[in-house]
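Single-letter residue listing:
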Amino acid sequence: MTKSTFPSASPFSSTAPVGEEHARLTIDLRALADNWRFMAKKSGGARTAAVLKANAYGVGLEPAARTFHQAGARDFFVASPAEGVALRPIVPDGRIFVLSGMWPGSERLFFEHDLVPVIASQEQLAVFMAAISERGDHPCALQVDTGMNRLGLTVADALALAHDPARPASFCPVLILSHLACGDEPLHPMNRMQLDRFRAAIRAYEGVEASLANSAGIFLGDEFHFQLTRPGISLYGGAAVNDEPNPMRPVVKAEARILQVREAKIGEGVSYGAAGMLARDSRIAVVAIGYADGYLRSLSGAGVPLRRAVATGASGFLHGRAVPLIGRVTMDLTHFDVTDLPERSVRAGDFIELFGPNMPIETVSKAGGTIDYVLLTSLGPRYRRDYIDADW
Ligand SMILES: *Cc1c(COP(=O)(O)O)cnc(C)c1O
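Residues numbered from 1 in each chain as written. Predicted model: local features only at pLDDT ≥ 70, side-chain atom pairs only at ≥ 80, totals over all residues. Heavy atoms only, no water.

For the chain, an unreviewed UniProt entry supplies the name Alanine racemase and the organism Mycoplana dimorpha. Per UniProt, the comment on the chain under Function (unreviewed entry) is "Catalyzes the interconversion of L-alanine and D-alanine. May also act on other amino acids." Quoted verbatim from the Pathway (unreviewed entry) field of UniProt, the annotation for the chain is "Amino-acid biosynthesis; D-alanine biosynthesis; D-alanine from L-alanine: step 1/1." (UniProt positions renumbered as here; feature names shortened; annotations may be inferred.)

The structure is reproduced here in C-alpha coordinates:
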(Lines give C-alpha, C1' and ligand atoms only; values in the text may rest on other atoms or scores of the structure.)
Protein backbone atom coordinates (compact mmCIF):
# COMPACT_ATOMS: atom_id res chain seq x y z
CA MET A 1 0.00 0.00 0.00
CA THR A 2 1.38 3.42 -0.87
CA LYS A 3 1.44 6.01 1.83
CA SER A 4 -1.00 8.86 1.19
CA THR A 5 0.59 12.25 0.69
CA PHE A 6 -2.74 13.91 1.29
CA PRO A 7 -2.57 15.66 4.70
CA SER A 8 -5.11 14.44 7.20
CA ALA A 9 -5.13 17.45 9.54
CA SER A 10 -5.35 21.14 8.60
CA PRO A 11 -1.83 22.51 8.33
CA PHE A 12 -3.12 26.00 8.94
CA SER A 13 -2.55 27.67 12.24
CA SER A 14 -5.27 26.96 14.78
CA THR A 15 -4.68 30.36 16.37
CA ALA A 16 -4.97 32.40 13.17
CA PRO A 17 -8.25 34.27 12.72
CA VAL A 18 -10.58 32.51 10.33
CA GLY A 19 -11.92 34.85 7.69
CA GLU A 20 -11.93 35.62 4.03
CA GLU A 21 -9.50 38.55 4.14
CA HIS A 22 -5.91 38.14 3.02
CA ALA A 23 -4.88 41.50 4.40
CA ARG A 24 -6.39 43.89 6.89
CA LEU A 25 -6.00 47.37 8.28
CA THR A 26 -6.88 48.05 11.87
CA ILE A 27 -7.47 51.76 12.37
CA ASP A 28 -7.44 53.10 15.90
CA LEU A 29 -9.93 55.96 16.16
CA ARG A 30 -8.90 56.76 19.70
CA ALA A 31 -5.32 57.32 18.55
CA LEU A 32 -6.67 59.51 15.74
CA ALA A 33 -8.57 61.67 18.25
CA ASP A 34 -5.58 61.78 20.62
CA ASN A 35 -3.32 62.87 17.78
CA TRP A 36 -5.69 65.71 16.84
CA ARG A 37 -5.84 66.86 20.47
CA PHE A 38 -2.04 66.67 20.68
CA MET A 39 -1.67 68.86 17.59
CA ALA A 40 -4.37 71.24 18.89
CA LYS A 41 -2.39 71.66 22.09
CA LYS A 42 0.83 72.18 20.12
CA SER A 43 -0.99 74.85 18.08
CA GLY A 44 -1.29 76.99 21.22
CA GLY A 45 -3.79 79.80 20.72
CA ALA A 46 -4.52 78.91 17.09
CA ARG A 47 -7.53 76.91 15.99
CA THR A 48 -6.67 73.49 14.60
CA ALA A 49 -8.11 72.16 11.37
CA ALA A 50 -7.90 68.60 10.04
CA VAL A 51 -6.61 67.84 6.55
CA LEU A 52 -8.70 65.08 5.01
CA LYS A 53 -7.49 64.90 1.42
CA ALA A 54 -6.92 61.58 -0.37
CA ASN A 55 -9.52 59.66 1.64
CA ALA A 56 -8.04 61.02 4.88
CA TYR A 57 -4.53 59.88 3.93
CA GLY A 58 -5.88 56.42 3.11
CA VAL A 59 -7.43 55.93 6.54
CA GLY A 60 -11.05 56.46 5.42
CA LEU A 61 -12.79 59.83 5.01
CA GLU A 62 -15.97 59.19 6.98
CA PRO A 63 -14.57 57.63 10.18
CA ALA A 64 -11.67 60.09 10.25
CA ALA A 65 -13.88 63.14 9.72
CA ARG A 66 -16.36 62.01 12.38
CA THR A 67 -13.54 61.42 14.84
CA PHE A 68 -11.93 64.84 14.32
CA HIS A 69 -15.32 66.55 14.47
CA GLN A 70 -16.11 64.79 17.73
CA ALA A 71 -12.71 65.84 19.11
CA GLY A 72 -13.58 69.45 18.31
CA ALA A 73 -12.39 70.21 14.78
CA ARG A 74 -14.63 72.49 12.69
CA ASP A 75 -12.24 73.46 9.89
CA PHE A 76 -11.39 70.88 7.25
CA PHE A 77 -9.20 70.84 4.15
CA VAL A 78 -9.62 68.61 1.12
CA ALA A 79 -7.84 68.62 -2.24
CA SER A 80 -10.70 68.53 -4.74
CA PRO A 81 -14.33 69.67 -4.94
CA ALA A 82 -15.41 66.01 -5.19
CA GLU A 83 -13.73 65.31 -1.85
CA GLY A 84 -15.54 68.31 -0.41
CA VAL A 85 -18.91 67.06 -1.69
CA ALA A 86 -18.25 63.68 -0.01
CA LEU A 87 -17.27 65.37 3.24
CA ARG A 88 -20.16 67.84 3.48
CA PRO A 89 -22.84 65.46 4.94
CA ILE A 90 -20.34 64.07 7.48
CA VAL A 91 -19.59 67.49 8.99
CA PRO A 92 -22.72 69.57 8.31
CA ASP A 93 -21.55 72.47 10.49
CA GLY A 94 -17.89 72.34 9.41
CA ARG A 95 -16.06 74.77 7.17
CA ILE A 96 -14.62 72.89 4.20
CA PHE A 97 -11.72 74.43 2.25
CA VAL A 98 -10.91 73.02 -1.19
CA LEU A 99 -7.18 73.44 -1.75
CA SER A 100 -7.22 73.11 -5.53
CA GLY A 101 -9.57 76.06 -5.85
CA MET A 102 -12.27 76.81 -8.41
CA TRP A 103 -12.10 76.39 -12.17
CA PRO A 104 -14.67 76.81 -14.91
CA GLY A 105 -17.36 74.16 -14.62
CA SER A 106 -16.82 73.44 -10.92
CA GLU A 107 -18.55 76.57 -9.54
CA ARG A 108 -21.89 74.85 -8.88
CA LEU A 109 -20.35 72.35 -6.42
CA PHE A 110 -18.98 75.14 -4.23
CA PHE A 111 -22.31 76.92 -4.01
CA GLU A 112 -24.53 73.85 -3.63
CA HIS A 113 -22.37 72.12 -1.04
CA ASP A 114 -21.12 75.15 0.80
CA LEU A 115 -17.43 74.62 0.00
CA VAL A 116 -14.80 77.34 0.30
CA PRO A 117 -12.48 77.53 -2.71
CA VAL A 118 -8.85 78.32 -1.97
CA ILE A 119 -8.09 80.78 -4.77
CA ALA A 120 -4.55 80.17 -5.96
CA SER A 121 -4.06 82.18 -9.17
CA GLN A 122 -5.29 85.22 -11.10
CA GLU A 123 -7.25 82.90 -13.40
CA GLN A 124 -9.04 81.32 -10.44
CA LEU A 125 -9.72 84.74 -9.02
CA ALA A 126 -11.42 85.72 -12.28
CA VAL A 127 -13.54 82.54 -12.23
CA PHE A 128 -14.53 83.21 -8.63
CA MET A 129 -15.41 86.86 -9.28
CA ALA A 130 -17.58 85.85 -12.22
CA ALA A 131 -19.25 83.17 -10.10
CA ILE A 132 -20.16 85.52 -7.25
CA SER A 133 -21.47 88.17 -9.61
CA GLU A 134 -23.74 85.55 -11.15
CA ARG A 135 -24.76 83.57 -8.07
CA GLY A 136 -24.26 85.93 -5.14
CA ASP A 137 -21.80 86.20 -2.29
CA HIS A 138 -19.73 83.22 -1.29
CA PRO A 139 -16.74 82.83 1.02
CA CYS A 140 -13.30 82.12 -0.39
CA ALA A 141 -9.74 81.74 0.86
CA LEU A 142 -6.63 83.13 -0.78
CA GLN A 143 -3.43 81.17 -1.17
CA VAL A 144 -0.15 83.07 -1.41
CA ASP A 145 3.00 81.40 -2.67
CA THR A 146 5.88 82.32 -0.38
CA GLY A 147 8.61 80.26 -1.98
CA MET A 148 7.41 76.80 -2.94
CA ASN A 149 6.37 77.70 -6.48
CA ARG A 150 3.36 75.46 -6.23
CA LEU A 151 -0.08 77.06 -5.83
CA GLY A 152 -0.76 80.63 -4.88
CA LEU A 153 -0.66 84.27 -5.93
CA THR A 154 2.74 85.89 -5.63
CA VAL A 155 3.13 88.11 -2.60
CA ALA A 156 3.28 91.12 -4.94
CA ASP A 157 -0.02 90.13 -6.61
CA ALA A 158 -1.66 89.54 -3.23
CA LEU A 159 -0.61 93.01 -2.07
CA ALA A 160 -1.76 94.61 -5.32
CA LEU A 161 -5.12 92.87 -5.00
CA ALA A 162 -5.55 94.10 -1.41
CA HIS A 163 -4.96 97.68 -2.50
CA ASP A 164 -6.79 97.50 -5.81
CA PRO A 165 -9.43 100.26 -5.79
CA ALA A 166 -11.47 98.19 -8.24
CA ARG A 167 -11.66 95.29 -5.81
CA PRO A 168 -15.37 94.66 -5.22
CA ALA A 169 -16.56 94.89 -1.64
CA SER A 170 -18.00 91.40 -2.03
CA PHE A 171 -14.50 89.99 -2.40
CA CYS A 172 -13.38 89.37 1.15
CA PRO A 173 -11.43 86.18 1.84
CA VAL A 174 -12.13 84.42 5.13
CA LEU A 175 -8.60 83.02 5.24
CA ILE A 176 -5.17 83.74 3.77
CA LEU A 177 -2.86 80.78 3.64
CA SER A 178 0.52 79.68 2.43
CA HIS A 179 2.38 76.38 2.54
CA LEU A 180 5.87 75.61 3.81
CA ALA A 181 8.35 73.89 1.52
CA CYS A 182 10.89 72.79 4.13
CA GLY A 183 8.97 72.48 7.40
CA ASP A 184 10.27 68.93 7.84
CA GLU A 185 13.77 70.42 8.21
CA PRO A 186 13.45 72.74 11.22
CA LEU A 187 16.80 74.48 10.62
CA HIS A 188 16.27 75.15 6.92
CA PRO A 189 16.58 78.90 6.18
CA MET A 190 13.54 78.67 3.86
CA ASN A 191 11.23 78.44 6.91
CA ARG A 192 12.17 81.87 8.20
CA MET A 193 12.14 83.34 4.71
CA GLN A 194 8.62 82.05 4.03
CA LEU A 195 7.46 83.30 7.43
CA ASP A 196 8.71 86.81 6.62
CA ARG A 197 7.09 86.82 3.18
CA PHE A 198 3.83 85.54 4.60
CA ARG A 199 3.80 88.29 7.22
CA ALA A 200 4.33 90.88 4.51
CA ALA A 201 1.39 89.49 2.54
CA ILE A 202 -1.11 89.27 5.40
CA ARG A 203 -0.33 92.77 6.64
CA ALA A 204 -2.43 94.04 3.73
CA TYR A 205 -5.39 91.89 4.82
CA GLU A 206 -6.05 93.14 8.30
CA GLY A 207 -8.78 91.28 10.14
CA VAL A 208 -8.54 88.23 7.86
CA GLU A 209 -7.44 84.98 9.52
CA ALA A 210 -4.10 83.54 8.45
CA SER A 211 -2.73 79.99 8.24
CA LEU A 212 0.78 78.80 7.43
CA ALA A 213 1.55 75.63 9.36
CA ASN A 214 1.03 72.04 8.24
CA SER A 215 2.04 69.31 10.73
CA ALA A 216 5.73 70.08 10.46
CA GLY A 217 5.04 73.82 10.68
CA ILE A 218 3.18 73.32 13.98
CA PHE A 219 6.38 71.85 15.45
CA LEU A 220 8.32 74.95 14.31
CA GLY A 221 6.71 76.94 17.12
CA ASP A 222 4.24 79.71 17.95
CA GLU A 223 5.35 82.19 15.31
CA PHE A 224 4.20 79.81 12.59
CA HIS A 225 0.72 79.18 14.01
CA PHE A 226 -1.23 82.39 13.23
CA GLN A 227 -5.01 81.83 13.64
CA LEU A 228 -5.42 78.37 12.10
CA THR A 229 -3.13 75.36 11.73
CA ARG A 230 -3.53 72.60 9.12
CA PRO A 231 -2.14 69.27 10.32
CA GLY A 232 -2.43 66.20 8.11
CA ILE A 233 0.21 63.49 8.41
CA SER A 234 0.67 63.82 12.19
CA LEU A 235 -3.00 63.10 12.78
CA TYR A 236 -2.57 59.78 11.02
CA GLY A 237 0.49 58.81 13.06
CA GLY A 238 3.07 59.63 10.41
CA ALA A 239 6.36 61.43 10.98
CA ALA A 240 6.26 65.12 10.05
CA VAL A 241 9.82 66.11 10.95
CA ASN A 242 12.92 64.38 9.57
CA ASP A 243 15.45 62.70 11.85
CA GLU A 244 13.55 63.31 15.07
CA PRO A 245 11.57 60.86 17.20
CA ASN A 246 7.94 60.77 16.06
CA PRO A 247 5.73 61.74 19.03
CA MET A 248 2.44 60.66 17.42
CA ARG A 249 0.44 57.56 18.31
CA PRO A 250 0.30 54.94 15.57
CA VAL A 251 -3.13 54.92 13.93
CA VAL A 252 -2.89 52.21 11.29
CA LYS A 253 -1.86 48.59 11.73
CA ALA A 254 -1.38 46.85 8.38
CA GLU A 255 -1.26 43.06 8.41
CA ALA A 256 -1.33 40.27 5.86
CA ARG A 257 -1.70 36.50 5.92
CA ILE A 258 1.06 33.99 5.67
CA LEU A 259 -0.13 31.69 2.88
CA GLN A 260 2.69 29.19 3.05
CA VAL A 261 5.89 28.48 4.99
CA ARG A 262 8.73 27.00 2.90
CA GLU A 263 12.06 25.42 3.70
CA ALA A 264 14.76 26.48 1.24
CA LYS A 265 18.44 25.62 0.92
CA ILE A 266 21.55 27.76 1.02
CA GLY A 267 22.38 29.11 -2.46
CA GLU A 268 18.81 28.98 -3.72
CA GLY A 269 17.07 32.09 -5.06
CA VAL A 270 13.90 33.74 -3.83
CA SER A 271 11.29 35.59 -5.90
CA TYR A 272 11.65 37.28 -9.32
CA GLY A 273 15.14 37.72 -10.62
CA ALA A 274 16.39 35.23 -8.03
CA ALA A 275 17.61 38.42 -6.37
CA GLY A 276 17.38 37.05 -2.83
CA MET A 277 20.20 34.46 -2.80
CA LEU A 278 20.02 32.49 0.42
CA ALA A 279 23.17 32.61 2.57
CA ARG A 280 21.91 29.82 4.80
CA ASP A 281 19.25 27.13 4.90
CA SER A 282 16.12 29.19 5.50
CA ARG A 283 12.49 29.10 6.46
CA ILE A 284 10.47 31.52 4.38
CA ALA A 285 6.98 32.87 4.96
CA VAL A 286 5.14 33.67 1.72
CA VAL A 287 2.75 36.50 2.57
CA ALA A 288 -0.36 37.70 0.75
CA ILE A 289 0.70 41.30 0.23
CA GLY A 290 2.25 43.06 -2.72
CA TYR A 291 2.70 46.28 -4.60
CA ALA A 292 -0.91 46.16 -5.80
CA ASP A 293 -1.79 46.77 -2.13
CA GLY A 294 0.59 49.70 -1.88
CA TYR A 295 3.27 47.56 -0.26
CA LEU A 296 5.81 49.18 -2.50
CA ARG A 297 8.28 47.30 -4.66
CA SER A 298 11.00 49.58 -3.33
CA LEU A 299 10.59 47.87 0.07
CA SER A 300 12.15 44.74 -1.47
CA GLY A 301 14.97 43.02 0.37
CA ALA A 302 17.01 42.66 -2.81
CA GLY A 303 16.79 43.11 -6.54
CA VAL A 304 15.69 46.74 -6.79
CA PRO A 305 18.01 49.64 -7.66
CA LEU A 306 17.42 51.38 -4.34
CA ARG A 307 19.17 48.55 -2.47
CA ARG A 308 22.49 49.95 -3.67
CA ALA A 309 21.79 53.15 -1.69
CA VAL A 310 19.94 51.74 1.35
CA ALA A 311 21.39 48.50 2.62
CA THR A 312 18.34 46.56 3.75
CA GLY A 313 14.72 46.24 2.78
CA ALA A 314 11.72 46.48 5.05
CA SER A 315 10.92 44.07 7.87
CA GLY A 316 7.66 42.70 9.13
CA PHE A 317 6.85 41.91 12.76
CA LEU A 318 5.87 38.41 13.83
CA HIS A 319 5.77 36.63 17.19
CA GLY A 320 7.67 39.34 19.02
CA ARG A 321 10.44 40.09 16.56
CA ALA A 322 11.32 41.81 13.29
CA VAL A 323 11.60 39.49 10.30
CA PRO A 324 13.36 40.77 7.17
CA LEU A 325 11.82 40.88 3.72
CA ILE A 326 13.78 38.81 1.22
CA GLY A 327 13.81 39.13 -2.55
CA ARG A 328 11.47 41.33 -4.54
CA VAL A 329 7.99 42.40 -3.54
CA THR A 330 5.66 41.11 -6.26
CA MET A 331 2.14 42.17 -7.21
CA ASP A 332 0.33 40.02 -4.62
CA LEU A 333 3.05 38.19 -2.68
CA THR A 334 6.08 38.98 -0.55
CA HIS A 335 8.65 36.76 1.19
CA PHE A 336 9.86 37.15 4.76
CA ASP A 337 12.76 35.29 6.37
CA VAL A 338 11.43 33.58 9.51
CA THR A 339 14.42 31.26 10.04
CA ASP A 340 15.22 32.86 13.39
CA LEU A 341 11.77 32.23 14.86
CA PRO A 342 11.09 28.94 16.69
CA GLU A 343 10.40 26.31 14.04
CA ARG A 344 6.78 25.53 14.86
CA SER A 345 5.75 29.08 15.76
CA VAL A 346 5.15 30.27 12.20
CA ARG A 347 2.03 28.79 10.63
CA ALA A 348 0.13 29.39 7.44
CA GLY A 349 -2.92 31.51 8.14
CA ASP A 350 -1.17 33.72 10.71
CA PHE A 351 -1.08 37.48 10.16
CA ILE A 352 2.25 39.27 9.96
CA GLU A 353 2.40 42.99 10.84
CA LEU A 354 3.71 45.11 7.96
CA PHE A 355 3.64 48.35 9.90
CA GLY A 356 1.83 49.55 12.99
CA PRO A 357 2.43 49.72 16.74
CA ASN A 358 5.26 47.14 16.64
CA MET A 359 6.86 48.15 13.36
CA PRO A 360 6.92 51.96 13.06
CA ILE A 361 5.64 53.21 9.72
CA GLU A 362 8.61 55.58 9.42
CA THR A 363 11.01 52.63 9.68
CA VAL A 364 9.25 50.90 6.82
CA SER A 365 8.96 53.95 4.59
CA LYS A 366 12.61 54.78 5.14
CA ALA A 367 13.57 51.26 4.03
CA GLY A 368 11.61 51.89 0.83
CA GLY A 369 13.27 55.24 0.19
CA THR A 370 9.95 56.99 0.65
CA ILE A 371 7.81 58.84 3.21
CA ASP A 372 4.89 57.87 5.44
CA TYR A 373 2.52 59.93 3.28
CA VAL A 374 3.19 57.58 0.35
CA LEU A 375 2.68 54.36 2.31
CA LEU A 376 -0.61 55.59 3.77
CA THR A 377 -2.11 57.06 0.61
CA SER A 378 -1.11 53.94 -1.37
CA LEU A 379 -3.03 51.48 0.82
CA GLY A 380 -5.06 49.62 -1.75
CA PRO A 381 -8.71 48.58 -1.80
CA ARG A 382 -7.98 44.88 -1.10
CA TYR A 383 -7.49 45.35 2.63
CA ARG A 384 -10.33 44.70 5.00
CA ARG A 385 -10.67 47.81 7.16
CA ASP A 386 -11.60 47.50 10.84
CA TYR A 387 -12.16 50.61 12.95
CA ILE A 388 -11.53 50.21 16.68
CA ASP A 389 -10.88 52.17 19.85
CA ALA A 390 -7.65 50.67 21.13
CA ASP A 391 -4.89 51.43 23.56
CA TRP A 392 -1.84 49.96 21.94
C1 LIG B 1 -1.47 68.42 2.51
C2 LIG B 1 -1.45 69.81 2.99
C3 LIG B 1 -1.41 70.08 4.37
C4 LIG B 1 -1.16 69.00 5.40
O5 LIG B 1 0.21 68.71 5.38
P6 LIG B 1 0.90 67.63 6.36
O7 LIG B 1 2.33 67.73 6.02
O8 LIG B 1 0.31 66.31 6.00
O9 LIG B 1 0.57 68.02 7.74
C10 LIG B 1 -1.53 71.40 4.77
N11 LIG B 1 -1.67 72.41 3.87
C12 LIG B 1 -1.69 72.19 2.53
C13 LIG B 1 -1.83 73.34 1.60
C14 LIG B 1 -1.57 70.88 2.05
O15 LIG B 1 -1.56 70.67 0.73
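And the narrative resumes.
### Things to note about the site of the ligand
With respect to spatial proximity, 13 residues lie near the ligand, and among them Lys53, Tyr57, Ser215, Ile233 and Tyr373 are the closest. In the model, an oxygen atom of the ligand is placed 3.3 Å from a nitrogen or oxygen of the arginine 150 side chain. Arginine 230 has a polar side-chain atom sitting 2.9 Å from a nitrogen atom of the ligand. Protein coverage of the free-state accessible area of the ligand, which is 390 Å², stands at 94%. Within the shell around the ligand, the residues separate by chemical class into 6 nonpolar, 4 polar and 3 charged. (Near = heavy atom within 4 Å. Polar contact = N/O pair within 3.5 Å; in protein donor to acceptor, adjacent residues only side chain to side chain. Areas by Shrake-Rupley, 256 points an atom, 1.4 Å probe, with all protein chains shown as cover. Nonpolar A, V, L, I, M, F, W, Y, C, P; charged D, E, K, R; others polar.)

### Considerations on the nonpolar core
Grouped together as the largest cluster of nonpolar side chains are 109 residues, with contacts concentrated most on Leu52, Phe68, Leu87, Tyr236, Leu354 and Phe355. Two domains each donate at least three residues to this core, and these are domain 1 (29-236) and domain 2 (252-359). For leucine 52, the contacting residues outside a window of four places in its chain are Leu61, Ala64, Ala65, Phe68, Phe76, Phe77, Val78, Leu87 and Tyr236. Judged by nonpolar contacts, the second largest core, of 5 residues, contains Ala264, Leu278, Ile284 and Ile326. (Core = buried A, V, L, I, M, F, W, Y, C linked by side-chain atoms within 4.5 Å. Buried < 20%, exposed > 50% of the residue type's maximum accessible area, 1.4 Å probe, protein only. Domains from an automatic or database assignment. Contact = heavy atoms within 4.5 Å.)

### Quick notes on the UniProt feature "active site" (unreviewed entry) in the chain
Those residues carrying the UniProt feature "active site" (unreviewed entry) are Lys53 and Tyr272 in this numbering. These annotated residues cover 220 residues of sequence, and their C-alpha atoms reach 35.3 Å apart at the extreme, placing them across more than a single site. Given the relative accessible area of 26%, lysine 53 is considered partly exposed. When neighbours within four sequence positions are excluded, lysine 53 is seen to be in contact with Phe77, Val78, Ala79, Glu83 and Leu99.

### Concerning helix H6 (residues 122-135)
A turn of α-helix holds 3.6 residues, and therefore any two residues three or four places apart point the same way. Between its first and last C-alpha, H6 extends 20 Å over 14 residues, near the 20 Å set by a 1.5 Å rise per residue. Listed in full, the buried residues belonging to H6 are Gln124, Leu125, Val127, Phe128, Ala131 and Ile132. For H6, the arc enclosing every buried residue in end-on projection is 160°, short of the 170-degree limit, so these residues lie on one face. What points out from H6, more than 90 degrees from its buried face, is the exposed set Glu123, Ser133 and Glu134. Residues of H6 that are buried in the fold lie against helix H5 (107-112), strand E6 (115-119) and helix H7 (155-163). Glycine 136 sits one or two residues past H6 and shows a positive phi near 105°. (Helix = DSSP H or I, 4+ residues; strand = E, 2+ residues; numbered from the N terminus. Expected span 1.5 Å × (residues − 1). Arc of directions from axis to C-beta.)

### Looking at the environment of arginine 88
Inspection of the secondary structure assignment puts arginine 88 in the loop between helix H4 (81-87) and strand E5 (95-98). We classify arginine 88 as buried; its relative accessible area is 11%. In this structure, the C-alpha to C-alpha distance between arginine 88 and leucine 235, residues 147 residues apart in sequence, is 20 Å.

### Let's talk about the pairing of strand E7 (residues 141-145)
E7 sits mainly inside the fold: 5 of its 5 residues count as buried. On E7, burial covers both faces: Ala141, Gln143 and Asp145 on one face and Leu142 and Val144 on the other are all buried. Examined bridge by bridge, E6 and E7 share 2 bridges and lie parallel to one another. Bridging from a neighbouring strand, isoleucine 119 pairs with leucine 142 of E7. The pairing of E7 with strand E9 (residues 175-177) spans 3 bridges and is parallel. Bridge pairing in E9 places glutamine 143 opposite leucine 177. Bridge count between E7 and strand E8 (residues 153-154): 2 bridges; the pairing is parallel. (Pairing = 2+ DSSP bridges.)

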